[in-house]
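Listed here are the chains, written in short residue letters.
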Amino acid sequence: MNRIYKMVFIIIVTLFIINIKVLAVSTTCTYEEKANLNDIAGKIIANYKIDETKEKYEFTNPDTGEKSMEEQINIKFDISIYNILDDVYITQTNDFDNEEVNIYYDESTKGVYTFKTDNTTDIINYTYNIYSNLEGCRGEPLKTFSFTKPKINMYSQYGICKGLEDFDFCQKYITEELNLTESQLYEKVQAMQKTTEKAKKDKDNKEGISDFIIDNYIYFIIGTIVLSGTVVGYIIVRKRSAL
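Residues take numbers from 1 onward in each chain, read along the sequence in its written order. Per-residue local features of the predicted model are confined to residues with pLDDT of at least 70, and side-chain atom pairs are confined, for both listing and counting, to 80 or more; whole-chain, interface and lining totals are unaffected and use all residues. As a rule here, side-chain values come from all non-hydrogen atoms in the structure, and water together with hydrogens is ignored.

Mind laying out the overall build of the chain, listing which residues take part and the relevant values?
In this text, helices come from DSSP runs of H or I with a minimum length of four residues, and strands from runs of E with a minimum of two, each type numbered from the N-terminal end. The secondary structure content of the chain amounts to four helices and nine strands. When its helices and strands are written in sequence order, the chain yields α-α-β-β-β-β-β-β-β-β-β-α-α. Each residue's exposure class comes from its accessible area (1.4 Å probe, protein chains only) as a fraction of the maximum for that residue type: buried when under 20%, exposed when over 50%, partly exposed otherwise. Expressed as a percentage of its 243 residues, the buried residues of the chain come to 23%. Partitioning the intrachain contacts of the chain with sequence separation of at least 6 by distance along the chain shows that 59% fall at a separation of at least 24. The criterion used for residue contact is that any of the two residues' heavy atoms lie within 4.5 Å.

Could you give me a rundown of the sheet that holds strand β2 (residues 67-82), with the residues and numbers involved?
Strand pairing in a sheet takes place through backbone hydrogen bonds and is either antiparallel or parallel in direction. Pairing between strands requires that DSSP locate at least two bridges from one strand to the other. Pairing is antiparallel in the open sheet, where three strands are placed in the order β1-β2-β5. Two strands bound the open sheet, and with one partner strand each, they are β1 (45-60) and β5 (113-117). Ignoring which end each strand starts from, the neighbouring axes of this sheet average 25° apart. Alignment of β2 against β5, held across five bridges, turns out to be antiparallel. Along β5, the bridge assignment pairs Asp 78 with Lys 116. Helix axes use the C-alpha atoms of the stretch in contact, all axes being lines fitted to C-alpha atoms, and the angles between their N-to-C directions lie in the range 0 to 180 degrees.

Go over the side chain of Gln 92 with me, naming the residues and quoting the values.
The residue Gln 92 is located in strand β3 (residues 88-94) in this model. The term polar contact refers here to a pair of N or O atoms within 3.5 Å; inside protein, the definition further demands a hydrogen-donor-capable atom paired with an acceptor-capable atom, and it admits residues adjacent in sequence only when both atoms are side-chain atoms. Side chain to side chain, Gln 92 and Tyr 128 meet in a polar contact 2.8 Å long.

I'd love a proper account of the pairing of β1, names of residues and values included.
Here 16 bridges tie β1 to β2, and the two strands are oriented antiparallel to one another. Looking at the pairing, Phe 59 lines up with Ser 68 of β2. The turn linking β1 back onto β2 is made up of six residues, and Gly 65 within it adopts a positive phi angle of 80°.

If you had to explain the state of the cysteines to someone new, which residues and values would you point to?
A pair of sulfur atoms, both from cysteines and within 2.5 Å, is called a disulfide here. Counted according to the given criterion, the structure contains two disulfides. Each disulfide pairs two cysteine sulfurs, and for Cys 29 the partner residue is Cys 137, the sulfurs being separated by 2.1 Å. The chirality of the disulfide connecting Cys 29 with Cys 137 is right-handed, given an S-S dihedral of about 110°. Note that Cys 29 is positioned in the loop between α1 (2-26) and α2 (31-42) and Cys 137 in the loop between β6 (124-132) and β7 (141-149), a separation of 108 residues in sequence. Across the disulfide, Cys 161 is cross-linked to Cys 170 (sulfur-sulfur distance 2.0 Å). Its S-S torsion of about -70° marks the bond between Cys 161 and Cys 170 as left-handed, since a negative value means left-handed. Per residue, the accessibility class of Cys 161 equals that of Cys 170, and both read buried.

Outline the nonpolar core, supporting the account with residue identities and numerical values.
Ranked by size, the top nonpolar core spans 22 residues in total, and within it Ile 81, Ile 90, Ile 103, Tyr 128 and Ile 130 carry the most contacts. Among the elements that make up this core, the one with the highest residue count is β6 (four residues). The nonpolar core is taken to be a set of buried Ala, Val, Leu, Ile, Met, Phe, Trp, Tyr and Cys residues, with the residues joined through side-chain atoms within 4.5 Å. One finds Leu 164, Phe 169, Cys 170 and Leu 185 within the second-largest nonpolar core, a separate group that totals nine residues.

Go over the packing of aromatic side chains with me, naming the residues and quoting the values.
Here the aromatic set is Phe, Tyr and Trp, taking the six-membered ring for Trp, and pairing holds for ring centres within 6.5 Å; pairs whose planes are under 30 degrees apart are stacked, those over 60 apart are edge-to-face, and all others are tilted. Tallied over the entire structure, the rule returns 11 aromatic pairs. Seen in terms of ring centroids, Phe 77 and Tyr 173 are 5.9 Å apart; in terms of plane orientation they differ by 80°. Their pairing is edge-to-face. Taken together, the residues span a long stretch of sequence, with Phe 77 in strand β2 and Tyr 173 in strand β9 (residues 173-174) at a distance of 96 residues. Where Tyr 155 meets Tyr 158, the ring centres are 5.3 Å apart and the plane angle is 80°; that geometry is what we call edge-to-face. Taking the relative accessible area as the measure of exposure, Tyr 155 reaches 6% and is therefore buried. Ring pairing ties together the aromatic residues Tyr 113, Phe 115, Tyr 126, Tyr 128 and Phe 145, which thus form one cluster. Note on geometry: a ring has a charge over it if NZ (lysine) or CZ (arginine) is within 6 Å of the ring centre and within 35 degrees of the ring normal. The ring of Phe 145 is capped by Lys 143, whose NZ or CZ atom sits 4.9 Å from the centre of that ring.

Give a description of α2 that names residues and reports values.
Working rule for helices: expected span equals 1.5 Å times residues minus one. For α2, which comprises 12 residues, the first-to-last C-alpha distance of 16 Å matches the rise-based estimate of 16 Å (1.5 Å per residue) to within 8%. Taken together, the buried positions of α2 are occupied by Leu 37, Ile 40 and Ala 41. Burial along α2 is one-sided: seen end-on, the buried residues are contained in an arc of 95°. Residues of α2 that are exposed and angled more than 90 degrees away from the buried face: Tyr 31 and Glu 32. Those residues of α2 that are buried are in contact with β3, β6 and β7. In this context, the arc is that of the directions from the helix axis out to the C-beta atoms.

Structure, rendered in structure tokens:
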């Protein structure tokens, strides 16, 4: 009887050891698998498009009660994550509401996952953690990257920014807070305008001189020839006199 117990015990222990070995093998990423997963993760990027749509709405004048059809522009951001494959999944978090979203290939359209947000008043930083979804090394961290959604710069609508849309504090969409008061904005814009006007005047002066030379080059050539002839003649006369 003891012999039977010993055999059963040995069989159980043997099976247990075999299962541990199989499990260890099945949960270990090979070098080739890890290299391929890193290559996949390295190609995943995020970007956004601005979706501006015009919409008509009925406006009631509070003073007269008259109704009219007005037009407004609705702005949304289409944020997309590209190059997602079935072998990985992504965890998305942000610093605005701390929402966590897991993104899988099945939720994408041919590897592109897109979502919309109509938040135009906050700069939102998204963090993407990419993990292996491959059998045998599921959950293995592969890559982390960040993406920033811009917001509308309210100062861009000021009249003083007209013509200066390319400058940081006048751009329509910004990814960093300006931290400027209105008076500071006006000071910066005025300083920028002075610099721009000076640069324009310097450029106009240089172009004016160049145009003058181009327009009168024939006279410069004639004058040079005459002057050269005079100098040569003077030298010859001096030499003869010396003789």
